[in-house]
Amino acid sequence: QSEDYKTNVATIRAEIEAAIMSCKYGPPQLVISGAPGSGKGTQCEFIVQKYGVVHISTGDLLRDEVKRGTPLGKKAHEFMSKGELVPDDVVIGMVKNKLEEKAVAEKGVLLDGFPRTAEQARALDEIGFKADTFLLLDVPDSVLVERITGRRSDPVTGKIYHMKFNPPPNDPEVLARLIHRKDDTEEALRTRLVTYHKNVKGILGFYKPILHNVNGERVSDYKTNVSLIQEDILASIDQGRHGGHSQNPSFTHKKKK
């Protein structure tokens, strides 16, 4: 049997399994949070591939709304063009519209790095979003510094490498065009981490009953570490969806009529 055949069978089986689980427990309603360099992007790709959920990143949402010139996009552009943060009410409006799409109702959702603050968490509750699993990737700051300062991005392919843990291909053309972003310095990162820890502390109380701390630094080997994290994430999502957890009762969930 060809590898294509085996891959196709495995994909179909995964889709059938996801469909059965969604019918029984409802589509996954997931939130993931992690500091810069925690590996959140890699794990989001894995979760989307595994569960078929709709991936919602506010950064992607903002760029898409601005590009399409929607009313919310125009409002966001006013602030972005001046280098200012987009107000919560605009971002929440975009998230609300996305959550109301048919694909989200059918497949479930993965909120990537959102909510970031207690105010955003409250606003999510007010529009009726109820998560079943909150994944927090936990990595020591010292490790994050090493990961971020060694990070390089390829502007052509969009891929992100690490000069030590996940090195780029030994191709002179690729190596020559790699970029070290100005916010990937230790000084810039530590400033971002102060803000990150403050914000996370503010939202954990809302999601404590469904919170799953995932150790993001199990072993030094990159591929092994990613694989072990994925095992933990699968177990956490399974427990969150099937273990009878409910979201923090301090949130008054408003069901849609």
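What comes next concerns the included structure. Since this is a predicted model, take the numbers as computed values, not measurements. (Residues numbered from 1 in each chain as written. Predicted model: local features only at pLDDT ≥ 70, side-chain atom pairs only at ≥ 80, totals over all residues. Heavy atoms only, no water.)

### A few points about the sheet that holds strand β7 (residues 211-215)
Across the sheet, which stays open at both edges, the five strands sit in the order β2-β3-β1-β4-β7 with parallel pairing between neighbours. In this open sheet, the two strands that pair with only one neighbour each are β2 (54-57) and β7. Put simply, the sheet's adjacent strands are angled 20° from each other on average, direction ignored. In this structure, strand β1 (residues 29-34) lies alongside strand β3 (residues 109-112), joined through four bridges in parallel fashion. Pairing of Val-31 across the sheet is with Leu-111, part of β3. (Pairing = 2+ DSSP bridges. Helix = DSSP H or I, 4+ residues; strand = E, 2+ residues; numbered from the N terminus. Axes fitted to C-alpha atoms, helices over the stretch in contact; angles between N-to-C directions.)

### Topic: the side chain of His-212
As for its placement among the helices and strands, His-212 is situated in strand β7. With residues up to four places along the chain from it excluded, the contact list for His-212 reads Thr-133, Phe-134, Leu-135, Leu-136, Ser-236, Gln-239 and Gly-240. (Contact = heavy atoms within 4.5 Å.)

### Quick look at helix α4 (residues 71-80)
Within an α-helix, residues lying three or four positions from one another point in the same direction, as the helix has 3.6 residues per turn. Within α4, the full set of buried residues consists of Leu-72, Gly-73 and Ala-76. In an axial view of α4, the angular spread of the buried residues amounts to 95°, which keeps them on one side of the axis. Exposed and oriented more than 90 degrees from the buried face of α4 are Pro-71 and Lys-74. (Buried < 20%, exposed > 50% of the residue type's maximum accessible area, 1.4 Å probe, protein only. Arc of directions from axis to C-beta.)

### Observations concerning unusual backbone geometry
Residues Phe-114 and Pro-115 are joined by a peptide bond in cis, for which omega reads 10°. Summarising the element assignment, Pro-115 is placed in the loop between β3 and α7 (118-126).

### Things to note about the pairing of β7
Burial along β7 is one-sided: the face carrying His-212 and Val-214 is buried and the face carrying Leu-211, Asn-213 and Asn-215 is not. One ladder, built from five bridges, connects strand β4 (residues 133-138) with β7; its direction is parallel. Its bridge partner being in β7, Leu-137 is matched across the sheet by Val-214.

### Topic: the pattern of salt bridges
Under the criterion given, the structure shown has 16 salt bridges. Each of Asp-64, Glu-65 and Arg-68 takes part in one network of salt bridges that share partners. (Salt bridge = Lys/Arg side-chain N within 4 Å of Asp/Glu carboxyl O.)

### Brief notes about the packing of aromatic side chains
Each aromatic ring pair is specified by the distance between its two centres and by the angle formed by the two planes. Within this structure, the stated rule accounts for one aromatic pair. Here Phe-134 and Tyr-207 contribute two aromatic rings whose centre-to-centre distance is 5.0 Å and whose plane-to-plane angle is 20°, an arrangement assigned as stacked. In this pair, Phe-134 sits in strand β4 while Tyr-207 sits in helix α10 (residues 186-207), placing the two residues 73 residues apart along the sequence. A single burial state applies to Phe-134 and to Tyr-207, both of which are buried. Stacked on the ring of Phe-79, the Lys or Arg Lys-82 has its end atom at 5.7 Å from the ring centre. (Phe/Tyr/Trp six-rings, centres within 6.5 Å; stacked < 30°, edge-to-face > 60°. Lys NZ or Arg CZ within 6 Å of the ring centre and 35° of its normal.)

### Observations regarding the packing of α4 against helix α5 (residues 88-99)
It is at 10 Å that the axes of α4 and α5 come closest, and there the two elements cross at 150°. By the angle between their axes, α4 is roughly antiparallel relative to α5. Regarding α4 and α5, the two cross each other, and that crossing is left-handed. Residue-level inspection shows Leu-72, Gly-73, Lys-75 and Ala-76 of α4 in contact with α5, the latter providing Val-90, Gly-93, Met-94 and Asn-97. Per-class residue counts for the contact of α4 with α5 are four nonpolar, three polar and one charged. (Parallel < 35°, antiparallel > 145°, perpendicular 65-115°, else oblique. Left-handed = near helix turned anticlockwise from the far one by under 90°. Nonpolar A, V, L, I, M, F, W, Y, C, P; charged D, E, K, R; others polar.)

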